[in-house]
Amino acid sequence: MKITRIETFLIPPRWLFCRVETDQGLVGWGEPVVEGRAEVVRAAVDVLAEYLVGQDPLRIEDHWQVLTKGGFYRGGPVLSSAVAGIDQALWDIAGKQYGAPVHALLGGPVRDRARVYAWVGGDDPHELADQIAAQVDAGFTAVKMNAAGRTRPHASVAEIDAVVERVTTARDVLGSERDIAIDCHGRFSAASSRRLLHEIAPLHPLFVEEPLPPEQSHVLGGLVEAGPVPIATGERIYDRSGFLPVLQSGVTVVQPDLSHAGGISEVRRIASLAETFGAHLAPHCPLGPISLAASLQVVFATPNFLIQEQSLGIHYNREADLLSYVVDPEPFRFTEGHATRTQLPGLGVTVDEDAVRAADRAGHAWRNPVWRHADGGFAEW
(Lines give C-alpha, C1' and ligand atoms only; values in the text may rest on other atoms or scores of the structure.)
Protein backbone atom coordinates (compact mmCIF):
# COMPACT_ATOMS: atom_id res chain seq x y z
CA MET A 1 0.00 0.00 0.00
CA LYS A 2 1.27 3.47 -0.92
CA ILE A 3 0.21 7.02 -0.14
CA THR A 4 -0.97 8.65 -3.35
CA ARG A 5 -2.29 12.04 -2.26
CA ILE A 6 -2.43 14.34 0.77
CA GLU A 7 -4.98 17.16 0.83
CA THR A 8 -5.83 19.84 3.39
CA PHE A 9 -9.10 21.67 3.98
CA LEU A 10 -9.41 25.05 5.69
CA ILE A 11 -12.87 24.96 7.23
CA PRO A 12 -14.86 27.12 9.66
CA PRO A 13 -14.89 27.91 12.45
CA ARG A 14 -11.05 27.77 12.72
CA TRP A 15 -9.99 24.26 11.77
CA LEU A 16 -7.74 22.52 9.26
CA PHE A 17 -8.41 18.94 8.19
CA CYS A 18 -5.97 16.64 6.42
CA ARG A 19 -6.93 13.77 4.10
CA VAL A 20 -4.40 11.03 3.27
CA GLU A 21 -5.37 8.77 0.35
CA THR A 22 -3.83 5.42 -0.59
CA ASP A 23 -3.68 3.35 -3.75
CA GLN A 24 -5.83 0.66 -2.11
CA GLY A 25 -8.74 2.99 -1.49
CA LEU A 26 -8.19 3.49 2.23
CA VAL A 27 -8.39 7.10 3.40
CA GLY A 28 -7.24 8.55 6.71
CA TRP A 29 -8.21 11.86 8.27
CA GLY A 30 -6.29 14.12 10.63
CA GLU A 31 -6.57 17.59 12.09
CA PRO A 32 -3.30 19.56 11.85
CA VAL A 33 -3.80 23.13 13.00
CA VAL A 34 -2.48 25.98 15.08
CA GLU A 35 -5.43 28.18 15.96
CA GLY A 36 -4.92 31.51 14.21
CA ARG A 37 -2.13 30.12 12.02
CA ALA A 38 -3.99 27.44 10.07
CA GLU A 39 -2.70 28.63 6.70
CA VAL A 40 0.90 28.31 7.88
CA VAL A 41 0.34 24.75 9.07
CA ARG A 42 -1.33 23.99 5.75
CA ALA A 43 1.87 25.00 3.98
CA ALA A 44 3.91 22.82 6.34
CA VAL A 45 1.71 19.80 5.55
CA ASP A 46 2.28 20.44 1.83
CA VAL A 47 6.05 20.36 2.38
CA LEU A 48 5.91 17.16 4.45
CA ALA A 49 3.70 15.56 1.79
CA GLU A 50 6.62 15.74 -0.64
CA TYR A 51 8.29 13.00 1.40
CA LEU A 52 5.21 10.94 2.20
CA VAL A 53 3.63 10.49 -1.22
CA GLY A 54 4.73 7.08 -2.49
CA GLN A 55 5.48 5.76 1.00
CA ASP A 56 3.83 2.91 2.92
CA PRO A 57 1.32 4.55 5.32
CA LEU A 58 1.67 1.74 7.86
CA ARG A 59 5.25 2.70 8.77
CA ILE A 60 3.86 5.24 11.21
CA GLU A 61 6.77 5.41 13.64
CA ASP A 62 9.39 5.63 10.92
CA HIS A 63 7.47 8.47 9.25
CA TRP A 64 7.12 10.27 12.61
CA GLN A 65 10.90 10.12 13.09
CA VAL A 66 11.63 11.42 9.60
CA LEU A 67 9.01 14.17 9.68
CA THR A 68 10.13 15.50 13.06
CA LYS A 69 13.89 15.10 12.62
CA GLY A 70 14.61 14.76 8.92
CA GLY A 71 14.57 18.50 8.27
CA PHE A 72 17.45 19.11 10.75
CA TYR A 73 15.68 22.07 12.41
CA ARG A 74 13.22 20.66 14.90
CA GLY A 75 10.22 21.49 17.01
CA GLY A 76 7.85 24.39 17.25
CA PRO A 77 4.06 24.51 17.03
CA VAL A 78 3.79 24.70 13.24
CA LEU A 79 5.94 21.65 12.48
CA SER A 80 4.62 19.56 15.37
CA SER A 81 1.02 20.39 14.46
CA ALA A 82 1.56 19.47 10.82
CA VAL A 83 3.11 16.17 11.94
CA ALA A 84 0.26 15.68 14.43
CA GLY A 85 -2.47 15.79 11.78
CA ILE A 86 -0.57 13.49 9.44
CA ASP A 87 0.12 11.09 12.29
CA GLN A 88 -3.59 10.97 13.16
CA ALA A 89 -4.44 10.19 9.54
CA LEU A 90 -1.86 7.40 9.35
CA TRP A 91 -3.22 5.78 12.51
CA ASP A 92 -6.71 6.10 11.00
CA ILE A 93 -5.52 4.22 7.91
CA ALA A 94 -3.82 1.56 10.05
CA GLY A 95 -6.99 0.93 12.04
CA LYS A 96 -9.03 0.62 8.86
CA GLN A 97 -6.46 -1.71 7.33
CA TYR A 98 -6.54 -4.03 10.35
CA GLY A 99 -10.27 -3.59 11.03
CA ALA A 100 -9.68 -2.31 14.55
CA PRO A 101 -10.01 0.92 16.52
CA VAL A 102 -6.74 2.71 17.18
CA HIS A 103 -6.99 2.06 20.90
CA ALA A 104 -6.78 -1.68 20.15
CA LEU A 105 -3.54 -1.07 18.23
CA LEU A 106 -2.17 0.85 21.22
CA GLY A 107 -2.45 -2.19 23.47
CA GLY A 108 -6.17 -2.42 24.03
CA PRO A 109 -8.65 -0.48 26.14
CA VAL A 110 -8.22 0.13 29.85
CA ARG A 111 -11.70 1.69 30.26
CA ASP A 112 -15.10 1.55 28.64
CA ARG A 113 -15.93 5.25 28.83
CA ALA A 114 -14.01 8.50 29.24
CA ARG A 115 -15.11 11.45 31.36
CA VAL A 116 -15.39 14.72 29.42
CA TYR A 117 -15.99 18.31 30.45
CA ALA A 118 -17.82 21.25 28.89
CA TRP A 119 -16.72 24.87 28.51
CA VAL A 120 -18.64 27.73 30.14
CA GLY A 121 -18.09 31.48 30.27
CA GLY A 122 -16.11 32.13 27.11
CA ASP A 123 -12.98 34.28 27.10
CA ASP A 124 -14.37 36.62 29.76
CA PRO A 125 -16.56 34.52 32.04
CA HIS A 126 -19.77 36.15 33.24
CA GLU A 127 -23.36 35.02 33.85
CA LEU A 128 -22.03 31.63 34.81
CA ALA A 129 -24.83 30.23 36.92
CA ASP A 130 -27.25 29.65 34.04
CA GLN A 131 -24.54 28.31 31.72
CA ILE A 132 -23.28 25.83 34.31
CA ALA A 133 -26.81 24.74 35.19
CA ALA A 134 -27.45 24.03 31.50
CA GLN A 135 -24.38 21.78 31.32
CA VAL A 136 -25.44 19.96 34.47
CA ASP A 137 -28.86 19.42 32.89
CA ALA A 138 -27.07 18.02 29.83
CA GLY A 139 -25.43 15.42 32.05
CA PHE A 140 -21.92 16.82 32.40
CA THR A 141 -20.19 16.28 35.71
CA ALA A 142 -17.41 18.81 35.12
CA VAL A 143 -17.01 22.21 33.49
CA LYS A 144 -14.08 24.52 32.77
CA MET A 145 -13.94 28.29 32.51
CA ASN A 146 -11.32 30.96 32.09
CA ALA A 147 -10.38 32.49 35.41
CA ALA A 148 -10.65 36.01 34.02
CA GLY A 149 -10.65 38.06 30.86
CA ARG A 150 -8.07 40.77 30.28
CA THR A 151 -6.08 40.92 33.51
CA ARG A 152 -3.01 42.77 34.63
CA PRO A 153 -0.24 40.23 35.30
CA HIS A 154 0.13 41.67 38.80
CA ALA A 155 -3.58 41.42 39.50
CA SER A 156 -5.40 43.80 41.79
CA VAL A 157 -7.39 42.77 44.85
CA ALA A 158 -10.58 43.42 42.85
CA GLU A 159 -9.42 41.19 39.98
CA ILE A 160 -8.55 38.33 42.34
CA ASP A 161 -11.83 38.78 44.22
CA ALA A 162 -13.77 38.64 40.94
CA VAL A 163 -12.21 35.27 40.10
CA VAL A 164 -13.00 33.92 43.56
CA GLU A 165 -16.58 35.12 43.22
CA ARG A 166 -17.02 33.33 39.88
CA VAL A 167 -15.51 30.11 41.17
CA THR A 168 -17.75 30.33 44.22
CA THR A 169 -20.77 30.71 41.94
CA ALA A 170 -19.66 27.66 39.99
CA ARG A 171 -19.17 25.59 43.13
CA ASP A 172 -22.60 26.60 44.45
CA VAL A 173 -24.26 25.38 41.23
CA LEU A 174 -22.15 22.23 40.88
CA GLY A 175 -22.24 21.15 44.49
CA SER A 176 -19.64 18.78 45.88
CA GLU A 177 -20.32 15.91 43.46
CA ARG A 178 -19.19 17.75 40.31
CA ASP A 179 -15.97 19.51 39.30
CA ILE A 180 -14.84 22.92 38.14
CA ALA A 181 -11.52 23.48 36.35
CA ILE A 182 -10.04 26.97 36.07
CA ASP A 183 -7.99 28.13 33.08
CA CYS A 184 -5.68 31.07 33.75
CA HIS A 185 -4.53 31.12 30.10
CA GLY A 186 -1.10 32.35 31.19
CA ARG A 187 -2.58 35.75 32.09
CA PHE A 188 -1.25 35.98 35.66
CA SER A 189 2.22 36.53 37.12
CA ALA A 190 3.69 33.97 39.51
CA ALA A 191 2.89 36.22 42.48
CA SER A 192 -0.72 36.76 41.39
CA SER A 193 -1.18 33.06 40.66
CA ARG A 194 0.12 32.21 44.12
CA ARG A 195 -2.42 34.56 45.68
CA LEU A 196 -5.21 33.22 43.47
CA LEU A 197 -4.41 29.59 44.28
CA HIS A 198 -4.51 30.40 47.99
CA GLU A 199 -7.90 32.11 47.68
CA ILE A 200 -9.63 29.38 45.65
CA ALA A 201 -8.14 26.38 47.46
CA PRO A 202 -11.19 26.06 49.77
CA LEU A 203 -13.38 25.73 46.64
CA HIS A 204 -11.49 22.59 45.57
CA PRO A 205 -11.03 23.07 41.81
CA LEU A 206 -10.27 19.93 39.82
CA PHE A 207 -7.19 21.78 38.57
CA VAL A 208 -5.91 25.24 37.71
CA GLU A 209 -4.62 25.36 34.14
CA GLU A 210 -1.72 27.45 32.84
CA PRO A 211 -1.25 29.67 35.90
CA LEU A 212 1.84 30.93 34.05
CA PRO A 213 2.69 31.34 30.36
CA PRO A 214 4.72 28.42 29.01
CA GLU A 215 8.00 30.35 28.84
CA GLN A 216 7.88 30.63 32.65
CA SER A 217 7.50 26.91 33.28
CA HIS A 218 10.78 26.93 35.21
CA VAL A 219 9.03 28.65 38.14
CA LEU A 220 6.01 26.31 38.26
CA GLY A 221 7.59 24.40 41.12
CA GLY A 222 7.03 27.35 43.46
CA LEU A 223 3.31 27.33 42.70
CA VAL A 224 3.09 23.58 43.19
CA GLU A 225 4.72 23.92 46.60
CA ALA A 226 2.56 26.89 47.59
CA GLY A 227 -0.58 24.87 48.28
CA PRO A 228 -2.89 21.94 47.60
CA VAL A 229 -4.51 23.08 44.33
CA PRO A 230 -3.62 20.71 41.45
CA ILE A 231 -1.68 22.48 38.67
CA ALA A 232 -2.24 21.59 35.00
CA THR A 233 -0.34 22.72 31.92
CA GLY A 234 0.77 21.65 28.48
CA GLU A 235 -1.42 22.90 25.64
CA ARG A 236 1.54 25.01 24.46
CA ILE A 237 4.16 22.28 24.95
CA TYR A 238 4.79 20.14 21.90
CA ASP A 239 6.97 17.16 22.80
CA ARG A 240 8.29 14.93 25.58
CA SER A 241 11.37 17.04 26.19
CA GLY A 242 9.16 20.05 26.85
CA PHE A 243 7.04 18.14 29.35
CA LEU A 244 9.96 16.74 31.32
CA PRO A 245 10.81 19.94 33.28
CA VAL A 246 7.18 20.69 34.15
CA LEU A 247 6.72 17.15 35.40
CA GLN A 248 9.89 17.53 37.42
CA SER A 249 8.37 20.67 38.93
CA GLY A 250 5.50 18.57 40.28
CA VAL A 251 2.51 19.45 38.09
CA THR A 252 -0.42 17.10 38.63
CA VAL A 253 -2.02 17.15 35.16
CA VAL A 254 -0.47 17.30 31.68
CA GLN A 255 -2.52 18.65 28.77
CA PRO A 256 -0.88 17.90 25.42
CA ASP A 257 -3.05 18.64 22.40
CA LEU A 258 -3.39 15.80 19.88
CA SER A 259 -3.36 18.39 17.06
CA HIS A 260 -0.25 20.17 18.32
CA ALA A 261 1.98 17.74 20.22
CA GLY A 262 3.00 15.34 17.47
CA GLY A 263 -0.29 13.44 17.24
CA ILE A 264 -1.19 10.05 18.67
CA SER A 265 2.37 8.75 18.55
CA GLU A 266 3.90 11.48 20.71
CA VAL A 267 1.00 12.06 23.09
CA ARG A 268 1.01 8.37 23.90
CA ARG A 269 4.66 8.74 24.94
CA ILE A 270 3.95 11.94 26.88
CA ALA A 271 1.28 10.08 28.84
CA SER A 272 3.73 7.31 29.69
CA LEU A 273 6.31 9.87 30.81
CA ALA A 274 3.69 11.54 33.01
CA GLU A 275 2.80 8.19 34.55
CA THR A 276 6.33 7.83 35.88
CA PHE A 277 5.77 11.07 37.83
CA GLY A 278 2.32 10.09 39.09
CA ALA A 279 0.73 12.76 36.87
CA HIS A 280 -2.48 12.39 34.90
CA LEU A 281 -3.38 13.01 31.26
CA ALA A 282 -6.15 15.49 30.35
CA PRO A 283 -5.76 16.18 26.62
CA HIS A 284 -6.40 19.73 25.46
CA CYS A 285 -9.03 19.75 22.68
CA PRO A 286 -11.07 22.88 21.89
CA LEU A 287 -10.96 21.89 18.21
CA GLY A 288 -12.87 19.69 15.79
CA PRO A 289 -14.14 16.11 15.64
CA ILE A 290 -11.00 14.49 14.25
CA SER A 291 -8.83 15.92 17.00
CA LEU A 292 -11.34 14.75 19.60
CA ALA A 293 -11.59 11.30 18.02
CA ALA A 294 -7.80 10.96 18.13
CA SER A 295 -7.77 12.12 21.76
CA LEU A 296 -10.37 9.56 22.75
CA GLN A 297 -8.44 6.73 21.09
CA VAL A 298 -5.43 7.61 23.25
CA VAL A 299 -7.34 8.03 26.51
CA PHE A 300 -9.18 4.73 26.10
CA ALA A 301 -5.75 3.04 26.12
CA THR A 302 -4.07 5.24 28.77
CA PRO A 303 -4.11 4.15 32.43
CA ASN A 304 -3.29 7.59 33.91
CA PHE A 305 -6.13 9.44 32.17
CA LEU A 306 -8.09 12.07 34.13
CA ILE A 307 -10.59 13.91 31.90
CA GLN A 308 -11.04 14.96 28.26
CA GLU A 309 -11.80 18.42 26.89
CA GLN A 310 -14.33 18.70 24.04
CA SER A 311 -15.67 21.63 22.04
CA LEU A 312 -19.42 21.02 21.67
CA GLY A 313 -21.00 24.45 22.04
CA ILE A 314 -17.74 26.19 22.85
CA HIS A 315 -17.69 29.95 22.29
CA TYR A 316 -15.37 29.67 19.27
CA ASN A 317 -17.81 27.50 17.32
CA ARG A 318 -20.05 30.05 15.65
CA GLU A 319 -20.04 29.15 11.94
CA ALA A 320 -19.85 25.41 12.64
CA ASP A 321 -19.75 23.07 15.62
CA LEU A 322 -18.29 19.72 16.63
CA LEU A 323 -20.80 17.65 14.65
CA SER A 324 -21.03 19.81 11.52
CA TYR A 325 -18.65 17.72 9.41
CA VAL A 326 -19.35 14.16 10.57
CA VAL A 327 -21.76 11.63 9.10
CA ASP A 328 -22.46 9.77 12.34
CA PRO A 329 -22.60 11.76 15.62
CA GLU A 330 -22.79 8.62 17.77
CA PRO A 331 -19.08 8.52 18.78
CA PHE A 332 -19.56 12.03 20.18
CA ARG A 333 -22.78 11.37 22.05
CA PHE A 334 -21.99 12.05 25.70
CA THR A 335 -23.92 10.10 28.33
CA GLU A 336 -23.72 11.14 31.98
CA GLY A 337 -20.73 13.29 31.12
CA HIS A 338 -18.80 10.48 29.43
CA ALA A 339 -17.85 9.40 25.90
CA THR A 340 -18.45 5.71 25.29
CA ARG A 341 -15.80 3.54 23.69
CA THR A 342 -16.77 2.07 20.30
CA GLN A 343 -15.27 -0.64 18.10
CA LEU A 344 -15.37 1.46 14.95
CA PRO A 345 -12.13 1.06 12.97
CA GLY A 346 -9.40 3.69 12.89
CA LEU A 347 -10.23 6.90 14.68
CA GLY A 348 -13.89 5.91 14.74
CA VAL A 349 -15.16 9.04 12.99
CA THR A 350 -16.75 9.20 9.53
CA VAL A 351 -16.03 12.57 7.95
CA ASP A 352 -18.64 14.14 5.68
CA GLU A 353 -16.27 14.73 2.79
CA ASP A 354 -18.79 16.66 0.69
CA ALA A 355 -19.43 19.09 3.55
CA VAL A 356 -15.70 19.49 4.15
CA ARG A 357 -14.95 20.25 0.50
CA ALA A 358 -17.81 22.74 0.34
CA ALA A 359 -16.64 24.48 3.52
CA ASP A 360 -13.07 24.66 2.24
CA ARG A 361 -14.24 26.73 -0.73
CA ALA A 362 -15.25 29.44 1.75
CA GLY A 363 -12.33 28.81 4.11
CA HIS A 364 -11.63 31.02 7.10
CA ALA A 365 -9.03 33.44 8.41
CA TRP A 366 -9.60 33.06 12.16
CA ARG A 367 -7.25 35.03 14.41
CA ASN A 368 -7.25 35.25 18.17
CA PRO A 369 -7.89 38.76 19.51
CA VAL A 370 -5.01 41.00 20.51
CA TRP A 371 -5.70 42.49 23.91
CA ARG A 372 -4.20 45.60 25.47
CA HIS A 373 -4.17 46.96 28.99
CA ALA A 374 -5.66 50.34 29.88
CA ASP A 375 -2.24 51.94 29.43
CA GLY A 376 -1.92 50.62 25.87
CA GLY A 377 0.55 47.84 26.68
CA PHE A 378 0.15 44.31 25.36
CA ALA A 379 -2.07 41.99 27.39
CA GLU A 380 -2.04 38.18 27.33
CA TRP A 381 -5.11 36.72 25.62
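A quick note: this is a predicted structure, and the numbers were derived from the prediction, not measured.

Caption draft 1: Representation of the pattern of salt bridges. Applying the stated criterion across every chain, the model contains 22 salt bridges. In this structure, the salt-bridge partner of E7 is R5, at a minimum N-O distance of 3.7 Å. Residues joined by salt bridges that share partners form a network here, namely R5, E7, R19, E21, E353 and R357.

Caption draft 2: Representation of the domain arrangement of the protein chain in the model. When the domains of the protein chain are assigned, the result is domain 1 (3-101) and domain 2 (104-347). The gap between the C-alpha centroids of domain 1 and domain 2 is 25 Å. Between domain 1 and domain 2, the residue contacts involve 31 residues of the former and 37 residues of the latter. Summing the contributions of domain 1 and of domain 2, the shared interface buries around 2800 Å²; its carbon and sulfur component is 62%. Its largest share of buried area at the contact with domain 2, domain 1 owes to W15, W91 and P101, together 26% of the area lost on that side. Counting every contact that joins domain 1 to domain 2 gives one salt bridge. The interface formed by domain 1 and domain 2 contains 22 residue pairs in polar contact (both at pLDDT 80 or more). Elements with a minimum of two residues in the side of domain 1 that touches domain 2: β2 (15-22), β3 (27-30), α2 (60-69) and α3 (77-98).

Caption draft 3: Structural view of helix α9 (residues 240-248). Those residues of α9 that sit buried are F243, V246 and L247. Down the axis of α9, the buried side of the element spans an arc of 100°, and every buried residue falls inside it. The outward face of α9, more than 90 degrees from its buried face, is lined by the exposed residues S241 and Q248. The inward-facing, buried residues of α9 abut α8 (220-226), β8 (231-233), β9 (253-254) and α10 (263-276). Just downstream of α9, G250 is the residue with a positive phi angle, here 105°.

Caption draft 4: Spotlight on the pairing of strand β6 (residues 179-183). Buried residues dominate β6, accounting for five of its five residues. Residue alternation in β6 divides its side chains into two sets, D179, A181 and D183 and I180 and I182, and both sets are buried. Note: strand β5 (residues 142-146) against β6, five bridges, orientation parallel. By the bridge assignment, V143 is partnered in β6 with I180. Note on the crossover from β6 through helix α7 (residues 190-200) to strand β7 (residues 208-209): the handedness is right-handed.

Rules and cut-offs
- Residues numbered from 1 in each chain as written.
- Predicted model: local features only at pLDDT ≥ 70, side-chain atom pairs only at ≥ 80, totals over all residues.
- Heavy atoms only, no water.
- Salt bridge = Lys/Arg side-chain N within 4 Å of Asp/Glu carboxyl O.
- Domains from an automatic or database assignment.
- Contact = heavy atoms within 4.5 Å.
- Buried area = accessible area lost by both parts, 1.4 Å probe.
- Polar contact = N/O pair within 3.5 Å; in protein donor to acceptor, adjacent residues only side chain to side chain.
- Helix = DSSP H or I, 4+ residues; strand = E, 2+ residues; numbered from the N terminus.
- Buried < 20%, exposed > 50% of the residue type's maximum accessible area, 1.4 Å probe, protein only.
- Arc of directions from axis to C-beta.
- Pairing = 2+ DSSP bridges.
- Right-handed = clockwise from strand over helix to strand, strands pointing away.

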